[in-house]
Every structure is written in C-alpha cells, then in structure tokens.
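Here are the chains, one letter per residue:
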Amino acid sequence: MALERYRQKRDFGTTPEPRGRVGAKKKGQLSFVIQKHAASHLHYDFRLELGGVLLSWAVPKGPSLDPQDKRLAMHVEDHPLEYGGFEGVIPPKQYGAGTVMVWDRGTWTPQGDPAEAYAKGRLKFQLDGEKLKGGWNLVRTHGSKYGNGKQAWLLIKENDEFARRGVDARIVDDEPNSVLSGRSLDDIGRKRAHVWHSNRSVAENVRAGAVSTKKKARSKPAASTISLADLGGVKPAPLPATLTPTLATLVDAIPAGDGWLHEIKYDGYRMVCRIERGSVRILSRNGKDWTSALGTIGEAVSRLPVKSAWIDGEVTTVDAHGRTSFQVLQNALADPTQGSLTYFLFDVPYLDGYDLRKVPLLERKRVLKSLVPESDPVLRLGVEYLGPGKEFLAQACNLGLEGAVSKRADSLYRDGVRTREWLKVKCAQRQEMVIGGFTDPQRSRRGFGALLLGVYEPGGKLRYAGKVGTGFDQKARIG
Ligand code: MN
C-alpha cells in the first residue's frame, strides 16, 4: 500500500489536498470516512483505513441503507490518512476538481483478517459512523456487467437493525450535510477560504480556515478548569509575539535536596509552539520556523483546548525499529514517512490571556496537565519525578537515557535565560540503550505508563532490556 498513484495524479503546489504520508499500521481502532465529492459527477468516496492508508472506492450513488440496493463502488487509488479530514475545494483543472465534504466518518471493524479479505475482494465489516452504522459488505465483481473488470466492487448494507427499506433507506438525501462542519456542498463551495494549500504552512492553512475546527472542538477535552486568574504570579497580558525558551545549565551532579522536579532529558529538538485562535507555529529555540516540517505536531497542537498559548517541549521520534535518537529524528524530518514524531510537552508559559511566566513551575505543570488529552498519539507529557535526584539519575542512566533535567519546583519561566534553576545532568557512561516504545498510562496517570527499553547486541539485534516507569511513577509523580 503506497501513495504513488495518489501523488502522481496531483500537483500539490496547486491543489489544496494534503500530500500526506503512509501512516502507522494500527492494530486498534481503524477509521473510515465518506467524502461527498462534487466533481464532474457527484459521487461519494468511501474510504477505509488499512495498512496506514485509506483504501478508497468511488460510489456514484452513495450508500443505501437498503440491503437490496447494491451500490457500484469503483476501486480507486489509496489516499493518505490525512485526507480523511479534508473538506474544501479542489481548484479547476486539477484532478478531481470540485467540492469535497466530509459526509460521514467514524471507525470500522473488519470481520476476520482485513488484508486477506481485501485481497480476496470480500470485505465484511461493521461501521460506527455518525450516519452509517451496523454491518456492510464490499464485494469485488468479476462479471462484465460493469465493464471495468476487477475495479468494480459493490457496497451492500447487511440486513440488521440498521437496515431500512424504500424511502427510509435514502440516507444520502436525508442527511446531505457535512459531519465536520454542518455545511452543505454549496456552503463549502462558496467559502473559498476553506482551501488547503500544500505550499503553505499548517499555520497559514489553519489561519485561512482550510481546516474546519467545529467538529474537532467537540472532541477536544474540556478547556482547563483551573482558574488562571487565581494563580500566584499570574498577569493578564496579550500573547507575546516571540518567546525564547528558558535554558538549563549543564552541571556535573544532579542537585540534592527537596524542591527539585526531575524530568528525563530527551534526545531531540527543543521546540516551542505559539497558538493563536487555532493557528499554530512551531519554532526552534533560535526562532527558526519548523511548522511545515512538523505538520502532524501542528495538527495535534491545534486540537488543544486553548485559544492562545505558548507551550514548550521537545520533539523526538520513535522509528519503525523503535529507536529514538537525534539521528533518527533528523532522518524523520528529512523524510516524514520514516518515523512518527512525538512532542513531549513540559511547560506552558502563556495561556488564554494570561502570562504564566512568573507562576511557579509546579503550577504551570498543573495547568499543562489539564490541557493535554491522555491518549493523544502525538502529544505526551514527559515523565516527571519530585523526589531525590540521585535516585532518579541513577535509574535514568541505568536505563541508557541521555540524562536528566532538574528544575526548581518554584522556578519561573525566564525568556532566553540559561538559568541555574534548571539544571541538566548527563549520564557519564551511557550504554547504547534505546526507547522502544511506551505503554499507555493507567487510570489517572498521564503521559505514558512506562518506557520500554532495548539494547543493541553485537550484530545489531535489538533486545528488550526492561521497562522503566515504576521508578518514576510510583513515588511522587505529580498529578
Ligand atoms: Mn472523488
């Protein structure tokens, strides 16, 4: 499964459609989307996530809830997962020129092995969408009836409680509008601003309204319930135009004593994000704009329940082999198909009309935690430990991590200052161990449950070396 055919057909300098990339092959919930597409002929693009892409069929009449209606579904090229969120206008003369609406979306559950069933041309599955539910079949035809050989499939409703007959089955007529924005095709077509331009940054696209945020707003976590105005040291202020992150001072020994919050030192890129009314810019600590290189992160950040904010964190990556390292990260940035990026968030110096830079760190952390969804695939809260530093560092080093960053629990956020209230300590002797992944957080915990670590044996074989998390989690992990 690949996107060559998808990309060959499109000029991403002109069309608003996303260039996209092959996503991770998921074991869990698979998404589906149906896009209503007013091209030369109106049709419905039926797309099922499998193998990191969207398998796609063009259904001229759209789905029917009547099991006796066998709807022709022409198999077309795989589309990137990002395409599932695309609603807007494909400009004239471009492939598929016309208006695209997200007509339905949700999850699909295949019966049996979906790859096998797909290869055989008989997919049986359940849909849990906003409009379509219950059992469905996609069956490849062999006859000459539709002329086009193996490209012709049929989309058929299973006979179950969600099946309807006659006029009740015409769901495309009964529910014609977008599940993303509630708009009709005409509304989308008129609003030319809702056009995704691949030659613009995510921020520019978001600002121009290419991405509808209405639906996303519904799935956002509730906005922070913490009363910002009541925080000590807080100050109402407009969103600063720039922010240079606080830097940690390199020291030889981890600080002893109470009042220090220890974090893992990540092997990645320090990045701050500026969010203003859904528009996201991602900047390196020197102010270089990384927004377009970090599209998935920008998208994830744009879903946070904030109006305006600066957030601070480290971008790193876990590649197909489970390694996370600066080198792998650089490769991933050069070729986004190589690995999935994770943004570890650790600070929020500004939020929704309030300057938090003079609010003590622990309070800022509390605010940050209230913003980040627990199981976001891209955004993670870093491991934190409020306790004896020596123990934390020893464990980090044992596990082959790069080191630790220790911050005074009451430290302020100081723009561009290399402060001694933030200290970084590197492990003296670092075994080449790697983070192979992380488990999901349990119950009330956030970020991740545990880091899974591995070590490369001579010959290059990666061996599982153990789990870390207990040492960090069970003690005085905040929150
Ligand atoms: Mn189409």
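Calculation rules
Residues numbered from 1 in each chain as written. Predicted model: local features only at pLDDT ≥ 70, side-chain atom pairs only at ≥ 80, totals over all residues. Heavy atoms only, no water. Helix = DSSP H or I, 4+ residues; strand = E, 2+ residues; numbered from the N terminus. Buried < 20%, exposed > 50% of the residue type's maximum accessible area, 1.4 Å probe, protein only. Contact = heavy atoms within 4.5 Å. Areas by Shrake-Rupley, 256 points an atom, 1.4 Å probe, with all protein chains shown as cover. Pairing = 2+ DSSP bridges. Axes fitted to C-alpha atoms, helices over the stretch in contact; angles between N-to-C directions. 1 Å grid on protein atoms, 1.4 Å probe; cavity = no way out; pocket = protein on both sides within 12 Å on 5 of 7 lines; lining within 4 Å. Points joined across faces, edges and corners; volume = space filled by probe spheres on them. Nonpolar A, V, L, I, M, F, W, Y, C, P; charged D, E, K, R; others polar. Donors = N, O, S within 2.8 Å, 3.2 Å for Na, K, Ca; no water. Salt bridge = Lys/Arg side-chain N within 4 Å of Asp/Glu carboxyl O. Core = buried A, V, L, I, M, F, W, Y, C linked by side-chain atoms within 4.5 Å. pLDDT = per-residue confidence, 0-100. Phe/Tyr/Trp six-rings, centres within 6.5 Å; stacked < 30°, edge-to-face > 60°. Lys NZ or Arg CZ within 6 Å of the ring centre and 35° of its normal. Patch = residues over 30% accessible without salt bridge, like charges linked within 9 Å, V, L, I, M, F, W, Y side chains within 5 Å. Lys, Arg positive; Asp, Glu negative; His and termini not counted. Charge placed at Lys NZ, Arg CZ, Asp CG, Glu CD.

Caption draft 1: Representation of the overall build of the chain within the structure. In terms of helices and strands, the chain carries 11 helices and 24 strands. Residues classed as buried in the chain amount to 54% of the 479 residues present. Here the analysis covers contacts within the chain between residues at least 6 apart in sequence; of these, 66% occur between residues at least 24 apart. Split by element, the accessible area of the chain, about 21900 Å² in all, is 49% carbon and sulfur.

Caption draft 2: Helix α7 (residues 295-302), seen in detail. α7 sits mainly inside the fold: six of its eight residues count as buried. Buried within α7 we find Gly295, Ile297, Gly298, Ala300, Val301 and Ser302.

Caption draft 3: Structural detail: the sheet that holds strand β21 (residues 418-426). With mixed pairing, the five strands of this open sheet are ordered in space as β11-β21-β20-β12-β19. For this open sheet the edge positions go to β11 (247-251) and β19 (384-386), each flanked by a neighbour on one side alone. This sheet shows a mean twist of 30° between the axes of neighbouring strands, independent of strand direction. The sheet contact formed by strand β12 (residues 260-264) and strand β20 (residues 403-408) spans five bridges and is antiparallel. Bridge assignment links Ile264 to a residue of β20, and that residue is Ala404. Here helix α9 (residues 361-369) sits on the sheet in contact with β12, β19, β20 and β21, set at roughly 45° to β12.

Caption draft 4: Broad picture of the layout of surface pockets. The volume enclosed by the second largest pocket comes to roughly 480 Å³. Lining the second largest pocket are 22 residues, and of these Lys265, Arg270, Arg285, Glu314 and Lys424 lie nearest its centre. The biggest single contributor to the lining of the second largest pocket is β21, with three residues. In terms of residue class, the lining of the second largest pocket is built from nine nonpolar, three polar and 10 charged.

Caption draft 5: Region of interest: the coordination of the manganese ion. Surrounding the manganese ion are the protein donor atoms His37 (ND1), His43 (NE2) and Asp45 (OD), at 2.2 to 2.3 Å. Read from N- to C-terminus, the donor residues coordinating the manganese ion fall into the pattern H-x5-H-x1-D. Classification of Asp45 as buried rests on a relative accessible area of 6%.

Caption draft 6: Focus on the pattern of salt bridges. Under the defined criterion, the tally for this structure stands at 21 salt bridges. The network of salt bridges with common partners includes Lys9, Arg10, Glu17 and Glu77.

Caption draft 7: Quick look at the nonpolar core. Membership of the largest hydrophobic core comes to 43 residues, with the highest contact counts inside it found for Phe46, Leu48, Trp57, Leu123 and Leu138. Those residues in contact with Leu123 that lie beyond four places of it in its chain are Leu48, Trp57, Trp108, Pro114, Ala117, Tyr118, Trp136, Asn137, Leu138 and Trp153. Within the second largest apolar cluster, 34 residues are counted, among which are Leu231, Ala309, Leu345 and Leu368.

Caption draft 8: Expanded view of the pairing of strand β13 (residues 269-276). Counting buried positions along β13 gives seven out of eight residues, so the element sits mostly inside the fold. Pairing analysis gives six bridges linking β13 to strand β14 (residues 279-284), with the strands arranged antiparallel. Bridge assignment links Glu276 to a residue of β14, and that residue is Ser279. Linking two consecutive strands that pair antiparallel, namely β13 and β14, is a turn of two residues; a positive phi of about 45° is found at Arg277 within it.

Caption draft 9: Fine view of the environment of Gly51. Turning to its location among the elements, Gly51 is positioned in the loop between β2 (42-50) and β3 (53-59). A relative accessible area of 18% means that Gly51 is categorised as buried. When the C-alpha atoms of Gly51 and Lys26 are compared, they prove to be 7.2 Å apart, with 25 residues separating the residues in sequence.

Caption draft 10: Expanded view of the confidence of the model for the chain. Averaged over every residue, the pLDDT of the chain is 80; residues scoring 70 or more account for 75%. Confidence, read as mean pLDDT per element, is least for helix α6 (residues 214-219) in the chain (37) and greatest for strand β8 (residues 133-140) (96). In this model, residues 210-221 is a region of pLDDT below 50 whose contacts with residues beyond four sequence positions or in other chains number 26 contacts. In the predicted structure, residues 319-323 sits below a pLDDT of 50 and forms 14 contacts with residues beyond four places in sequence or in another chain.

Caption draft 11: Geometry of the packing of aromatic side chains. This structure, assessed with the given rule, holds 14 aromatic pairs. Each ring, one from Tyr83 and one from Phe86, has its centre 5.4 Å from the other, and the planes form 55°; the classification is tilted. The burial state of Tyr83 is the same as that of Phe86; both residues are buried. Put simply, the rings of Tyr6, Phe12, Tyr83 and Phe86 pair up and form one aromatic cluster. Positioned above the aromatic ring of Trp422, the side-chain terminus of Lys407 is 3.9 Å from the ring centre. In this structure, Arg408 packs its charged tip against the face of Trp260, placed 5.0 Å from the ring centre.

Caption draft 12: View of the pairing of β11. Most of β11 sits inside the fold, with four of its five residues counted as buried. Judged from the five bridges that link them, β11 and β21 form a sheet pairing that is parallel. Each residue of the ladder has a partner; that of Leu250, found in β21, is Lys424.

Caption draft 13: Structural context of a negative patch on the surface. A surface patch of like charges, here negative, comprises Asp168, Asp173, Asp174 and Glu175. Locating Glu175 in the fold gives a position in the loop between α3 (171-174) and α4 (185-190).

Caption draft 14: Fine view of the environment of Gly389. Of note, Gly389 is situated in helix α10 (residues 389-398). Placed 16 residues apart in sequence, Gly389 and Val405 show a C-alpha to C-alpha distance of 9.8 Å. Gly389 has contacts with Ile254, Pro255 and His262, leaving out every residue within four places of it along the chain.

Caption draft 15: Spatial organisation of unusual backbone geometry. For Lys93, which is not glycine, the phi torsion reads 75° and is therefore positive. On the secondary structure map, Lys93 appears in the loop between β5 (88-90) and β6 (98-110). Notably, Asp352 is not glycine yet its phi reads approximately 40°, a positive angle. Structurally, Asp352 is set in the loop between β16 (339-351) and β17 (354-355). We classify Asp352 as partly exposed; its relative accessible area is 25%.

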